[in-house]
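# A closer look at the structure
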Amino acid sequence: MSLPRTLGELRQSPFSESVLKTRHVKDELRDNLAKRLRQPCPIFAGIVGYDDTVVPQIVNAILSRHNFILLGLRGQAKSRILRALTTLLDPAMPYIAGCEIHDNPYEPICRRCRDEVEKRGDATPIAYLTPEERYVEKLATPDVTIADLIGDIDPIKAARGGHELSSEFTVHYGLLPRANRGIFAINELPDLAGKIQVGLFNIMQEGDVQIKGYPIRLPLDVALVFSANPEDYTARGKIITPLKDRIGSEIRTHYPVTVDEGIAITAQEAWTQRNGSNLRVPHYVQEVIERIAFVAREDKRVDKRSGVSQRLPISAMENVISNAERRALRSDEKLVVPRISDIYAAMPAITGKLELEYEGEMKGADNVGRELIRAAIAKSYDEYFAGVNMQQVVQWFDLGGEIGLSDTASAKEVLNGLKSIQGLMDKLAPLDVNTKDSPEVQVSAAEFILEGLYAHKRIGRSEERVFTAGEKQPKHQEKHFDREEPPFRGRRPYN
């Protein structure tokens, strides 16, 4: 349907004065959320792993008409959630055409719009905003000023229009007034200087702002939302106590709880469609990539306060596919199948995402990264081959067998060598792979088994990716008990 274009037409439409004058943006969010709750669809599309934890708390905050803050470590979808709030706004919102702060046609707050309505009446032109245009986001940085957020007096406007400096016509509005009748989001709130945070008090409690000390009050209609890292990590600044007191709900986000949730997020976010390439990413490769982040979050050499972002497995997955794609292009292979060796080749996408403690710094990011990958491989290997007898494969190496598996070698080059390993190709069934599959798939699966045995120290591997027999642990001969040797001393006699 065509939307009304004048104030007179607007009065006779569903955007009547009785509806629009009293319906604030928080009421709008609440009403549209209530409608969505009655439907069997997700509240926020694309948000994985928060259905039972974070999302219910956000729903409660919106139903309570609260301003709220999302607290969590990096890579926990805080910004994505805030941007998803626009899906709870109406498809179109009318405002007086040309207004910088999108005034309500029935209750304008800026001087220009009041004069316009008084002059033109029902002929006042009306324009509309989409939900995306009603979302204003600001990344907090220490150099943000009150003028940036709220506004300032513009002397050039005063000179050109012949106005007094105290006139409302000389105001240059900041981001907050321009978000009127919409959502205003501030990312990384603690980075905002304390004196600038004070400037948010009025809008959060009294619902208005004042500009430059002149008696100009703007009763804005804004839903304020924030994101921040926990204060114990963000040493650059903190949220001042009075501002925290004015924020209605504080909601904590978290990393994926299960590997499957992490895989779903990575599959959703990673760029995997490569110009129509025939790509097949084995599930065990996805698991290993995801477990790297899980292992790193528990590793004492990685800074817990900084966290391990979900961007690590996303970036690693893209690098792994790229390395497999590079091999396929050079070898003229039609099917791109990542291997475990491609994960080691994706080290640049892993080490840059880790904030290391002192012990990790001493060991080096590359060494820590390799050990994290090895631990992730061991855990994934156990998911498929716990209880499977691999003694025949290990024995082949113990008898002097060795094989090189370069990450650049084509599948056909190494497949015959893998088939010569006694019993190896018979163990692929838990991976849903058999000898009828393509060479690329068979090589990837067989390499995963060898890497799993290496991760458990049952076979060895050099830096050049040559698999050999593992180092045998020396057997310590039990020593005969001798009472004459310490710490077995004779009882001290009493005096």
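Refer to the structure above for everything that follows.
Read on for a plain summary of the structure. (Residues numbered from 1 in each chain as written. Predicted model: local features only at pLDDT ≥ 70, side-chain atom pairs only at ≥ 80, totals over all residues. Heavy atoms only, no water.)

### Some remarks on the environment of I350
Its place among the elements puts I350 in helix α17 (residues 348-351). Expressed as a C-alpha distance, the spacing of I350 and I289, which sit 61 residues apart in the sequence, is 9.9 Å. Among all residues touching I350, those that are not within four sequence positions of it are I292, L312, A316, I343 and I373. (Helix = DSSP H or I, 4+ residues; strand = E, 2+ residues; numbered from the N terminus. Contact = heavy atoms within 4.5 Å.)

### Overview of the sheet that holds strand β14 (residues 403-404)
Strand order in the open sheet made by the three strands is β14-β16-β15, with antiparallel pairing throughout. At either margin of the open sheet sits one strand with a lone partner, and together these are β14 and β15 (459-461). Strand direction decides the pairing type here: β15 and strand β16 (residues 466-469), joined by three bridges, are antiparallel. Bridged to I459 within β16 is A469. Against the sheet, helix α20 (residues 391-398) touches β14, β15 and β16, its axis set at about 90 degrees to β16. (Pairing = 2+ DSSP bridges. Axes fitted to C-alpha atoms, helices over the stretch in contact; angles between N-to-C directions.)

### A word on the pattern of salt bridges
Overall, the coordinates contain 26 salt bridges when judged by the stated rule. D90 serves as the salt-bridge partner of R23, at 2.5 Å between the closest nitrogen and oxygen. Taken together, the positions of R23 in the loop between α2 (17-20) and α3 (25-37) and D90 in the loop between α5 (78-84) and β2 (93-96) put the pair 67 residues apart, joining distant regions of the chain. Its relative accessible area of 17% is what places D90 among the buried residues. Between R274 and E325 there is a salt bridge; the shortest N-O distance is 3.2 Å. Residue R274 is located in the loop between α13 (259-269) and β12 (278-279), and its partner E325 is located in helix α15 (residues 311-331); the two are separated by 51 residues in the primary sequence. Judged by its relative accessible area of 5%, R274 is buried. With relative accessibility at 17%, the residue E325 sits in the buried group. One salt-bridge network, held together by shared partners, links R11, E17, K21 and D122. (Salt bridge = Lys/Arg side-chain N within 4 Å of Asp/Glu carboxyl O. Buried < 20%, exposed > 50% of the residue type's maximum accessible area, 1.4 Å probe, protein only.)

### Examining the sheet that holds strand β4 (residues 135-139)
Within a sheet, neighbouring strands are paired by backbone hydrogen bonds and run either parallel or antiparallel to one another. The parallel open sheet is built from five strands, whose spatial order is β4-β7-β10-β1-β11. Because the sheet does not close on itself, it has two edges, and the strands there are β4 and β11 (249-252). Direction aside, the axes of adjacent strands within the sheet are offset by 20 degrees on average. Pairing between strand β1 (residues 68-71) and β11: four bridges, direction parallel. By the bridge assignment for β11, F68 is matched with S249. Lying on the sheet, α3 is in contact with β7 (182-187) and β10 (222-228); it crosses β10 at an angle near 75 degrees. Taken strand by strand, helix α4 (residues 54-63) contacts β1 and β11, and its axis lies near 170 degrees from that of β11.

### Considerations on unusual backbone geometry
Here E188, not a glycine, exhibits a phi torsion of approximately 55 degrees, which is positive. Looking at where E188 falls in the secondary structure, it is placed in the loop between β7 and α10 (194-198).

### Focus on the packing of α3 against α4
One can describe the packing of α3 onto α4 by two numbers: an axis separation of 9 Å at closest approach and a directional angle of 135 degrees. As the angle between them shows, α3 and α4 are arranged oblique. Residue-level inspection shows L29, R30, L33 and L37 of α3 in contact with α4, the latter providing V59, I62 and L63. (Parallel < 35°, antiparallel > 145°, perpendicular 65-115°, else oblique.)

### Some words on the nonpolar core
I343, F397, L418, I421, L424, F448 and L450 are the most contacted members of the largest nonpolar core, which totals 66 residues. Going through the elements one at a time, α14 (283-298), α15, α16 (340-345), α19 (365-385), α20, α21 (411-419) and α22 (439-455) are the ones with two or more residues in this core. With ten residues, α22 is the single largest residue contributor to this core. Residue contacts for L424: discarding those within four places in its chain leaves V393, L418, A446, I449 and L450. (Core = buried A, V, L, I, M, F, W, Y, C linked by side-chain atoms within 4.5 Å.)

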